[in-house]
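Chain residues, written in single-letter form:
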Amino acid sequence: MSAKSDTDTGRPVILSLAGLSKSFGDTQAVKPVTLDIPDGEFLTIVGPSGSGKSTLVRLLAGLETPSSGRLELRGKDITNIPANRRPTAMVFQSLALFDHRSVGQNIEFAMKMKGVAPEARKARALELLALVRLPADYYARPVTQCSGGEKQRVALARAFASDPEILFFDEPLSAIDYRLRKTLEVELKELHQRTGRTFVYITHSLEEAMVMSDRIAIMQAGELVQIGTPAEIYGRPANRFVASFMGEVNILPVQNGAFADIARPAHDPRGAYAGVRPEDLRPGEGDIRASFTVTQRLMLGSRTQLHLEAASGAGFVSEISGTAGDYGVGSSHEFGFSHERVVWVNS
């Protein structure tokens with residue numbers, strides 16, 4: 001896919017992909033991708049397992065050699081330049097910290113390999129500890145005595161130690177608990193804002209992508225199928241896959257000018273399928289209404305998710321605030337949605 005972007009940011013392009021692809025034997029893991037990434041952007045690449053997102057970021061980081069295409073950094077061809085000669089850094093899911101070394105030694109490792117003097121290494125390591133909000137006395141602490149969140153911060157500090165222009169992240173938060181993940185999502189976004197560096201982040205989590213990103217790129221079966229801001233991706237998905245991947249959605253086929261699953265007219269349909277988000281399917285509201293039977297009720301904290309069944313047997317999902325005590329399993333109610341809230345797609 002060609003995803004050349006008109007981001008209207010006014011920022012220069014730092015990384016440019018032109019037909020970049022990767023095949024393993026007869027399997028094309030990444031189909032040709034054309035994409036510009038502006039300097040200072042937080043770009044998140046999302047997709048299900050096997051979509052090619054991790055292979056793509058490894059191509060960008062120089063950890064894989066592309067089968068075709070070209071990769072430019074600020075206009076310079078870096079397609080065949082190895083990772084250790086690029087002004088970039090990578091944070092892996094496993095973090096890849098050295099358990100037998102201290103926090104400071106982990107942060108300093110790349111600088112030591114480059115021959116930086118010990119005093120300068122330590123000074124830089126202490127600066128980076130402050131950047132990731134760890135106390136200075138962690139410098140001498142064995143990394144094995146750090147918590148999961150602290151290890152994440154050490155890995156970030158180590159990535160910044162080489163003063164990279166671009167940081168790549170391969171699902172670094174996927175193996176930690178929910179509360180810590182939410183904290184680190186905010187800290188990563190704040191770190192990006194404070195440093196102004198370009199972040200390219202890989203995840204399968206919709207929530208991470210929506211919270212942190214300037215733009216989101218959606219991958220499916222090795223292809224970049226849509227790129228845009230979180231609001232654009234959520235509100236104007238390119239197809240049913242994107243609509244459903246970016247959160248719960250009710251997909252209604254439109255046949256002969258009607259919403260087939262609820263037998264209601266579709267006035268001025270603008271696609272073959274109508275997407276209705278659960279928060280837009282409301283009890284007794286909207287200009288398109290039908291009767292549904294509650295088949296399941298799930299508490300989600302401040303809101304309740306209702307699983308519904310239409311007369312046709314088609315399943316739907318609605319989310320309403322509060323405990324929804326009047327909507328017991330087996331009860332029937334009228335739910336509706338507004339035409340203006342429909343997301344239209346053709347495939």
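What counts, and where the lines are drawn
Residues numbered from 1 in each chain as written. Predicted model: local features only at pLDDT ≥ 70, side-chain atom pairs only at ≥ 80, totals over all residues. Heavy atoms only, no water. pLDDT = per-residue confidence, 0-100. Contact = heavy atoms within 4.5 Å. Core = buried A, V, L, I, M, F, W, Y, C linked by side-chain atoms within 4.5 Å. Buried < 20%, exposed > 50% of the residue type's maximum accessible area, 1.4 Å probe, protein only. Helix = DSSP H or I, 4+ residues; strand = E, 2+ residues; numbered from the N terminus. Pairing = 2+ DSSP bridges. Expected span 1.5 Å × (residues − 1). Arc of directions from axis to C-beta. 1 Å grid on protein atoms, 1.4 Å probe; cavity = no way out; pocket = protein on both sides within 12 Å on 5 of 7 lines; lining within 4 Å. Points joined across faces, edges and corners; volume = space filled by probe spheres on them. Nonpolar A, V, L, I, M, F, W, Y, C, P; charged D, E, K, R; others polar.

1. Structural notes on the confidence of the model for the protein chain
Per-chain confidence: the protein chain averages 90 in pLDDT, with 97% of residues scoring 70 or above. Low pLDDT (under 50) marks residues 1-7, which in the prediction has 19 contacts with non-local residues, meaning those over four places away or in another chain.

2. Focus: the nonpolar core
Formed by 35 residues in total, the largest nonpolar core has its most connected members in Ile107, Phe169 and Leu188. Sorting the residues of this core by element identifies strand E6 (88-91), helix H2 (103-113), helix H3 (118-131), helix H4 (148-161), strand E7 (166-170), helix H5 (178-195) and strand E8 (198-203) as the ones contributing at least two each. Take this core: its biggest share by element is seven residues, from H4. Apart from the residues within four sequence positions on either side, Ile107 is in contact with Ala125, Leu128, Leu129, Val154, Ala157, Arg158 and Ala161. Membership of the second largest hydrophobic core comes to 28 residues, among which are Leu15, Ile37, Val57 and Ile78.

3. Looking at the sheet that holds strand E13 (residues 264-265)
Read across the open sheet, the five strands follow the order E13-E12-E11-E14-E20; overall the sheet is antiparallel. What marks the edges here is a single partner per strand, and that holds for E13 and strand E20 (343-345). Strand direction decides the pairing type here: strand E14 (residues 273-276) and E20, joined by three bridges, are antiparallel. By the bridge assignment, Tyr273 is partnered in E20 with Val345.

4. Some words on the environment of Gly69
Tracing the sequence through the fold places Gly69 in strand E4 (residues 68-73). A sequence separation of 37 residues divides Gly69 from Pro32, and the C-alpha atoms of the two residues are 7.3 Å apart.

5. Notes on H3
In a regular helix each residue adds 1.5 Å, so 14 residues correspond to 20 Å; H3 covers 20 Å between its end C-alpha atoms and thus fits that length. The complete set of buried residues in H3 reads Arg121, Ala125, Leu128 and Leu129. Viewed end-on, H3 has its buried residues packed into an arc of 105 degrees, placing them on one side of the element. Exposed side of H3, more than 90 degrees from the buried face: Glu119 and Ala130 are the residues found there. Residues of H3 that are buried sit in contact with H2 and H4. Of the residues trailing H3, Arg133 is marked for its positive phi of about 65 degrees.

6. Remarks on empty space enclosed by the protein
Once rolled over the atoms, a probe with the size of a water molecule shows which space is left empty. Throughout the structure, instances matching the rule amount to two cavities of 30 Å³ or more. Volume-wise, the largest cavity comes out at about 100 Å³. Among the secondary structure elements, those contributing two or more residues to the lining of the largest cavity are H4 and H5. Here the lining of the largest cavity takes five residues from H5, the largest share from any one element. Considering only residue class, the lining of the largest cavity consists of six nonpolar, no polar and four charged. In this structure, the second largest cavity spans a volume of roughly 50 Å³. If you trace the second largest cavity, you find it lined by Val91, Leu95, Gln152, Ala155, Leu156, Phe169, Pro172, Leu173, Leu184 and Leu188. Per-element accounting of the lining of the second largest cavity gives the leading share, three residues, to H4. Tallied by class, residues from the lining of the second largest cavity come to nine nonpolar, one polar and no charged.

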